[in-house]
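Secondary and tertiary structure notes
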Amino acid sequence: MHLSHDEEDYNLSLSKFESMLKTNKVLFFDSEEFEEIILHYLDMGKASLAKKALKLALEQHPKSTGLKLVQVEMLVYDDKLEIAEKLLNELYAIEPQNEEIFIQKANIYSKRDDHEKAVELLKEALKLTDDYADVYNLIGMEYLFMDSLELAKDNFIKCLEEDIEDQAALYNVVYCFEFLDQNKEAVAFLEKYIDKNPYSEIAWHQSGRLYYGLEDYENALRCFDYASMIDDEFMGAFMEKAKSLERLKRYEEAIESYNRTIELDDPTSYALLRIGKCYEKLGNKPQALKFFHKTVHEDPLLDKGWIAITDFYVRQKNYQKALFYVNKAIGIDNENRLYWKRYATINRALDFLEEAEIGYRKAVEYGDYELDTWLFWVDILQYLGEFDGAIHTLLQATEYFPEEFQLEYRLAGLYFMQDDVTKGTFHLSNGLRLSFENHILIESLFSTVWEMPEVQETISKHEK
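Since this is a predicted model, take the numbers as computed values, not measurements. (Residues numbered from 1 in each chain as written. Predicted model: local features only at pLDDT ≥ 70, side-chain atom pairs only at ≥ 80, totals over all residues. Heavy atoms only, no water.)

**Observations regarding the overall build of the chain**
Across its full length, the chain carries 28 helices and zero strands. Dimensions along the principal axes, computed over C-alpha positions, put the chain at roughly 105 × 50 × 50 Å. Counting only residues that meet the buried cut, the chain has 46% of its 464 residues in that class. Approximately 25,000 Å² of the chain is accessible, and the part contributed by carbon and sulfur atoms is 49%. In the chain, the 52 positive side-chain charges and the 89 negative ones have mean positions that sit 3 Å from each other. (Helix = DSSP H or I, 4+ residues; strand = E, 2+ residues; numbered from the N terminus. Buried < 20%, exposed > 50% of the residue type's maximum accessible area, 1.4 Å probe, protein only. Areas by Shrake-Rupley, 256 points an atom, 1.4 Å probe, with all protein chains shown as cover. Lys, Arg positive; Asp, Glu negative; His and termini not counted. Charge placed at Lys NZ, Arg CZ, Asp CG, Glu CD.)

Here is the structure:
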């Protein structure tokens, strides 16, 4: 690759400067060379080298405004805001039309969280600058800090109008649209942007993301396709393309696209997991299981990988193996209600009822308030003879489902079993009121209660 003349000069300046540091010989650089050297070291995070360069630069060019502005930038970087501000005021007295002075003053006010004043100063810089894109971008960032997303969006759009290749502004525009819940407007904006800049893989990728969020997977796929054609090493585009293909049930193509991400970089556990899911959808169980195992080998702490193997064995009704793998997932995330529910379901299938009861209890404890979870839990408590616990659980469940016949019939049966006829009759009446046709639940769950005269009498009253 051939370097441009400017790049060659830049590299020569850096080499010359670093050679000077090694030999302790003082060489001459013009002020612009020094600026580039200092900013290079700042960008590289080598603050001590940047300070050495600045010291030498100011010794050789003590009156250079450009170098003094770089000095301000470094003072701001070190949070020496008062010294930086004093130096800026001195520079302003000399060059009141220098837009960089206003930009650096705005930076100081931004650091002090006075973003309104920063915007005011940047608007002054806008009157003086030739680089409108940079200033519009800075104004947009200040509005972001103030959570003024509409104004931020407007300024990032102005930035792109000045510099269509500014990728940071493009990302920020899309962020603003999404934050404002204007996804359709974002798609329309990107369509116009792509008309002007059709080879922007970022714009195509962002359009795909937005279409995907809108569940328009065909258009999402089209956009990711273009992004991956423009840049055939754009891993994110291939990953999103694979996800879209999965949504469209084009599993073989999705596998190809996930495999492309693995070719471009080290295998990710996410890609391996999704390939396994695709093979499972295609009915290729051996390949599915192979990739699920590859997933947990790649990342043993990925609980979703262990759960994928768990679910695979549950579908095969191999509950012993499923139990082994669900325990692995719970070992990683023991506050996940969905994992505890799986644990309970598997143990129930294996007739390990005490363990199943623990699973349902933990599932509810961690936020699973689904009706079936309560019902399974209660039925197991009843089977284990823990009637008080079952009643307590049912009363908890009625807070979430106050008008649910399945809870009322169970409460009725349990109270009758404890010889509390008053409460039993009350809840039986509630159940009959809510769903008379389902009163046979009493017979199927509580056969001895069903035969009680009080129960038959209450049912007869509601039948009339």
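**Quick word on the UniProt feature "repeat: TPR" (unreviewed entry) in the chain**
The feature "repeat: TPR" (unreviewed entry), as annotated in UniProt, sits at residues 99-132, 201-234, 235-268 and 269-302 in this numbering. Taken end to end, residues 99-132 is 82% helix and 0% strand, and its first and last C-alpha atoms sit 11 Å apart. Structurally, residues 201-234 is divided into 79% helix and 0% strand, and its ends, taken at the C-alpha atoms, are 8 Å apart. (UniProt positions renumbered as here; feature names shortened; annotations may be inferred.)

**Quick notes on helix α20 (residues 337-349)**
In this model α20 runs 18 Å from its N-terminal to its C-terminal C-alpha over 13 residues, within 8% of the 18 Å that 1.5 Å per residue would give. Looking at the buried side of α20, the elements it contacts are α18 (303-315), α19 (319-332), α21 (353-365) and α22 (371-383). Sitting at the amino-terminal end of α20 is asparagine 336, which places a side-chain oxygen 2.9 Å from the backbone nitrogen of leucine 338. At the C-terminal side of α20, aspartate 351 shows a positive phi close to 65°. (Expected span 1.5 Å × (residues − 1). Contact = heavy atoms within 4.5 Å. Polar contact = N/O pair within 3.5 Å; in protein donor to acceptor, adjacent residues only side chain to side chain.)

**Section: the side chain of serine 228**
If you trace the backbone, serine 228 turns up in helix α13 (residues 217-230). In this structure, serine 228 is in contact with Ala237, Phe238 and Lys241, ignoring residues within four places of it in sequence.

**What about the environment of aspartate 231?**
By the element assignment, aspartate 231 lies in the loop between α13 and α14 (235-247). Residues aspartate 231 and threonine 261, 30 residues apart in the sequence, show an inter-C-alpha distance of 13 Å. Not counting residues within four places of it along the chain, the set of residues in contact with aspartate 231 comprises Glu201 and Phe238. Among the polar contacts made by the side chain of aspartate 231, one reaches the main-chain amide nitrogen of glutamate 233 at a distance of 2.9 Å.

**Comments concerning the packing of helix α16 (residues 269-281) against helix α17 (residues 285-298)**
The N-to-C vectors of α16 and α17 enclose an angle of 165°; their axes lie 7 Å apart at closest approach. With respect to α17, the axis of α16 lies roughly antiparallel. Here the hand of the crossing between α16 and α17 comes out left-handed. Residues Ser269, Leu272, Leu273, Ile275, Gly276, Lys277, Tyr279 and Glu280 of α16 lie in contact with α17, whose contacting residues are Gln287, Ala288, Phe291, Phe292, Lys294, Thr295 and Glu298. (Axes fitted to C-alpha atoms, helices over the stretch in contact; angles between N-to-C directions. Parallel < 35°, antiparallel > 145°, perpendicular 65-115°, else oblique. Left-handed = near helix turned anticlockwise from the far one by under 90°.)

**So, the packing of α16 against α18**
Between α16 and α18, the least distance of the axes is 10 Å, while the angle of their chain directions is 15°. By the angle class used here, α16 and α18 are roughly parallel. α18 is crossed by α16, and the crossing has left-handed handedness. Residue-level inspection shows Leu273, Lys277 and Glu280 of α16 in contact with α18, the latter providing Lys304, Gly305, Ala308, Phe312 and Arg315. In the contact of α16 with α18, the residues fall into three nonpolar, one polar and four charged. (Nonpolar A, V, L, I, M, F, W, Y, C, P; charged D, E, K, R; others polar.)

**Here we look at the side chain of lysine 105**
Residue placement: lysine 105 occurs in helix α6 (residues 99-111). Not counting residues within four places of it along the chain, the set of residues in contact with lysine 105 comprises Leu88, Asn89 and Leu121.

**Quick look at the layout of surface pockets**
Reported here for the largest pocket is a volume of approximately 250 Å³. As for the largest pocket, its lining consists of Glu73, Glu100, Ile103, Gln104, Ala106, Asn107, Leu122, Asp134, Leu138, Met141 and Glu142. Going through the elements one at a time, α6 and α8 (132-145) are the ones with two or more residues in the lining of the largest pocket. Tallying contributions element by element places α6 first for the lining of the largest pocket, with five residues. (1 Å grid on protein atoms, 1.4 Å probe; cavity = no way out; pocket = protein on both sides within 12 Å on 5 of 7 lines; lining within 4 Å. Points joined across faces, edges and corners; volume = space filled by probe spheres on them.)

**Considerations on the packing of aromatic side chains**
As enumerated under the stated definition, the model contains 17 aromatic pairs in all. Where tyrosine 175 meets phenylalanine 179, the ring centres are 5.9 Å apart and the plane angle is 35°; that geometry is what we call tilted. Within this pair, tyrosine 175 and its partner phenylalanine 179 are both found in helix α10 (residues 167-179), separated by four residues, close to a single helical turn. Judged by its relative accessible area of 42%, tyrosine 175 is partly exposed. Judged by centre distance (5.6 Å) and plane angle (25°), the rings of tyrosine 279 and phenylalanine 291 are stacked. (Phe/Tyr/Trp six-rings, centres within 6.5 Å; stacked < 30°, edge-to-face > 60°.)

**A word on the pattern of salt bridges**
Counted by the stated rule, this structure contains 17 salt bridges. Among the salt bridges present, the one from lysine 241 reaches aspartate 225, with a minimum N-O distance of 2.8 Å. Linking lysine 241 in helix α14 with aspartate 225 in helix α13, this pair joins segments that are 16 residues apart in sequence. Look at lysine 241 and you get buried, because its relative accessible area is 17%. (Salt bridge = Lys/Arg side-chain N within 4 Å of Asp/Glu carboxyl O.)

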